[in-house]
Amino acid sequence: MARRYHYSVYVIELSADVLYEARFRKANPGYVTGKPCVYVGMTGLNVDLRFDKHKAGIQSNRYVRDFGLRLLPKLYEMYNPMPYDGARDMEVELAIGLREAGYGVWQA
């Protein structure tokens, strides 16, 4: 039986070096020094495979390709899997919540 829901949100920890990027800093005026910098995304693939594709430069976000360190499953596992519309909305809500908590967040 095929899985009914197969979309997931995911969070990737970025190196603090991403803070040297002006666009990233500008997108995070409320960043709290010492909090993690992260990328929030959604995928229909396995999240480990999606992370590997980012790092390999395949349909990747530049910040993940250049600064991505590891997945942070404690921040997203409880939401997955979900339908496409749910994942699309949760990607935005998760990014907003983390930014409000002082994280540096990039969400494409």
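Look up a bit, the structure's there.
In this report, we go over the structure that sits alongside the text. The numbers attached to residues start from 1 for each chain and follow its sequence in the written order. Local features in a predicted model are, by the rule used here, given only for residues with pLDDT of at least 70; side-chain atom pairs are given and counted only at 80 or more, and totals for whole chains, interfaces and linings are based on all residues. Values reported for side chains reflect all heavy atoms of the structure, with hydrogen atoms and water molecules removed beforehand.

Glancing now at the pairing of strand β2 (residues 37-43). Most of β2 is tucked away, with seven of its seven residues classed as buried. Two strands are counted as paired when DSSP detects at least two bridges linking them. For helices the rule is a DSSP run of H or I covering at least 4 residues; for strands it is a run of E covering at least 2, with both sets numbered from the N terminus onward. Judged from the seven bridges that link them, strand β1 (residues 8-14) and β2 form a sheet pairing that is antiparallel. Bridge assignment links Ser8 to a residue of β2, and that residue is Thr43. Taken together, the three bridges between β2 and strand β4 (residues 104-106) define a ladder with parallel strand orientation. Within β4, the residue paired with Val38 across the bridge is Val105. Categorising residues by exposure relies on relative accessible area from a 1.4 Å probe, with only protein chains included: less than 20% of the type maximum marks a residue as buried, more than 50% marks it as exposed, and the intermediate range marks it as partly exposed.

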